[in-house]
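# Structure assessment
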Number of protein chains: 2
Amino acid sequence: MEPLVTRLRNREWRLTAQRRVIAETLAGEHVHLTADEVYERSRAVLPEVSRATVYNTLNELVGMGELLEMTHTDGRKRYDPNVEERHHHLVCVSCGRMLDVRADDPRLPEDQHHGFELLAVEVTFRARCPECVPAASTS
Amino acid sequence: MEPLVTRLRNREWRLTAQRRVIAETLAGEHVHLTADEVYERSRAVLPEVSRATVYNTLNELVGMGELLEMTHTDGRKRYDPNVEERHHHLVCVSCGRMLDVRADDPRLPEDQHHGFELLAVEVTFRARCPECVPAASTS
DNA sequence: GTCCCTGCAAACGTTTTGCACACAG
DNA sequence: CTGTGTGCAAAACGTTTGCAGGGAC
């Protein structure tokens, strides 16, 4: 697949310095960044980037399908370039600890597609971590 | 399984009128309520319930594993009693439209459990809905 | 030159918190 | 009676928006 920046240019996307920096931040090897982390990293490269632009750009990229928005248990949105190796999540419902895990992607049966064009699948396993299990033994 | 209120009493949970109403609201047949919806419904039954208490109670129930917190794409948290029929979600990355779908749950391989006690699995299929597909044909 | 993107700061909606009072145990 | 849960209102948090100026095409 072509690099992200190239794909964006081909979509007739106005390529500004800020947008390029944001896109390049996401194209890195990071796994799932919050909007604010993207903001900090982008600003480290190009100081004249505003928080608003980061949010706007992230939303556009998600709408284009070039980026996955994965809203995690912790309430804040996290973003993931959709080209990376797939991974899923295991989170403790009690303390919020989160681990990356590997598991097979579930398949969506053909009769459940509803005409949608599938892009990706996100899986979150809810669980109680070893430290939190003892506390729950009141049954 | 015993009713939710009974399970809570057995956990030495201080059972107040407000908490009972909140728990009963959730025990209903609803699928995924926001905190505010829980607040409205609880207040319809017992007017002297405050928003803060709803939030506190929901957080406690999630920590206990009696309730699943599922943060959807729309940013706000939604809550789901973990006893209901499982269903998954199909979300349009462009317009946010969300449908419930049925699909097999993915299995988490034994060597990926990390000592966690599994409670549930949440699956979100990211896609582009029929109305949003045409707009994206700029490649 | 035009239109879209940008930065700033203020607005927004949701969730959390501090405090004094009230009630379950 | 004691300790914990409650209501209220204000704060915190992440995100969005309105507006005037600036830069990509």
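Below, the structure is looked at part by part.

Rules behind the numbers
Residues numbered from 1 in each chain as written. Chains lettered and ligands numbered in written order. Predicted model: local features only at pLDDT ≥ 70, side-chain atom pairs only at ≥ 80, totals over all residues. Heavy atoms only, no water. Helix = DSSP H or I, 4+ residues; strand = E, 2+ residues; numbered from the N terminus. Buried < 20%, exposed > 50% of the residue type's maximum accessible area, 1.4 Å probe, protein only. Contact = heavy atoms within 4.5 Å. Areas by Shrake-Rupley, 256 points an atom, 1.4 Å probe, with all protein chains shown as cover. Least-squares fit on C-alpha atoms with pLDDT ≥ 70 in both. Near = heavy atom within 4 Å. Polar contact = N/O pair within 3.5 Å; in protein donor to acceptor, adjacent residues only side chain to side chain. Nonpolar A, V, L, I, M, F, W, Y, C, P; charged D, E, K, R; others polar. Pairing = 2+ DSSP bridges. Axes fitted to C-alpha atoms, helices over the stretch in contact; angles between N-to-C directions. Phe/Tyr/Trp six-rings, centres within 6.5 Å; stacked < 30°, edge-to-face > 60°. Lys NZ or Arg CZ within 6 Å of the ring centre and 35° of its normal. Buried area = accessible area lost by both parts, 1.4 Å probe. Salt bridge = Lys/Arg side-chain N within 4 Å of Asp/Glu carboxyl O.

### Structural notes on the overall build of chain A
- The secondary structure content of chain A amounts to 4 helices and 6 strands.
- Along its sequence from the N terminus, chain A presents helices and strands in the succession α-α-β-α-α-β-β-β-β-β.
- The burial tally for chain A puts 50% of its 139 residues in the buried class.
- Intrachain contacts of chain A at a sequence separation of at least 6 include 52% that bridge at least 24 residues.
- Accessible area for chain A stands at about 7000 Å²; split by element, carbon and sulfur atoms hold 48% of it.

### Focus on the relation of the copies chain A and chain B
- Superposing chain A onto chain B takes a rotation of 179° plus a shift of 0.1 Å along the axis, which leaves an RMSD of 0.3 Å. Expressed as a symmetry operation, the mapping of one chain copy onto the other fits a two-fold axis. For chain A, the smallest separation between a C-alpha atom and the rotation axis is recorded for A:V123, amounting to 2.3 Å.

### A look at the protein's contact with DNA strand C
- By nearness alone, 19 residues border DNA strand C, and A:R14, A:E48, A:T53, B:Y55 and B:R76 come closest of all.
- Each atom of DNA strand C within 4 Å of the protein was classed as base or backbone; sugar and phosphate made up 77%.
- Here a phosphate oxygen of DNA strand C and a side-chain polar atom of A:R19 are 3.3 Å apart.
- Those elements giving two or more residues to the surface near DNA strand C turn out to be helix 2 (17-27) and helix 4 (51-64) of chain A together with helix 4 (51-64) of chain B.
- Top contributing element to the surface near DNA strand C by residue count: helix 4 of chain B, with 5 residues.
- Split by residue class, the surface near DNA strand C holds 6 nonpolar, 6 polar and 7 charged.

### A closer look at the sheet that holds strand 5 (residues 98-101) of chain A
- Reading across from one edge, 5(A)-4(A)-6(A)-6(B)-4(B)-5(B) is the order of the 6 strands in this open sheet, with mixed pairing throughout. Of all the strands in the sheet, the pair left with one neighbour each is strand 5 of chain A together with strand 5 (98-101) of chain B. The average undirected angle you get between the axes of adjacent strands in this sheet is 25°.
- Here 4 bridges tie strand 4 (residues 88-92) of chain B to strand 6 (residues 117-128) of chain B, and the two strands are oriented parallel to one another. In the strand pairing of strand 6 of chain B, B:L90 is matched with B:F125.

### Thoughts on the sheet that holds strand 1 (residues 33-34) of chain A
Residues and elements named next belong to chain A.
- If you walk across this open sheet you meet the 3 strands as 1-3-2, and the pairing is antiparallel. Each edge of the open sheet is held by one strand with a lone partner, namely strand 1 and strand 2 (67-71).
- As paired strands, strand 1 and strand 3 (residues 77-81) are joined by 2 bridges and run antiparallel to one another. Looking at strand 3, one finds that T34 is bridged to R78.
- The sheet strands contacting helix 4 are strand 2 and strand 3, and the helix crosses strand 2 at an angle near 110°.

### Points about the packing of aromatic side chains
- Considering all chains together, one arrives at 0 aromatic pairs over all chains under this definition.
- Positioned over the ring face of B:W13 is B:R19, at 4.3 Å from the centre of the ring.

### Comments concerning the interface of chain A and chain B
- In this assembly, 52 residues from chain A lie in contact with 52 residues from chain B.
- When residues of chain A are sorted by the area they lose upon contact with chain B, A:F116, A:R126 and A:R128 head the list and together hold 17% of the total.
- The interface formed by chain A and chain B includes 4 salt bridges.
- Between A:E117 and B:R128 there is a salt bridge, with the nearest N and O atoms lying 3.4 Å from each other.
- The interface formed by chain A and chain B contains 18 residue pairs in polar contact (both at pLDDT 80 or more).
- The set of elements that each furnish at least two residues to the side of chain A that touches chain B consists of helix 4, strand 2, strand 4 (88-92), strand 5 and strand 6 (117-128) of chain A.
- Top element by residues in the side of chain A that touches chain B is strand 6 of chain A. It accounts for 12 residues.
- Among the residues forming the side of chain A that touches chain B, the class breakdown is 26 nonpolar, 14 polar and 12 charged.
- Sheet analysis places strand 6 of chain A next to strand 6 of chain B, joined by 11 bridges and oriented antiparallel. Within strand 6 of chain B, the residue paired with A:L118 across the bridge is B:A127.

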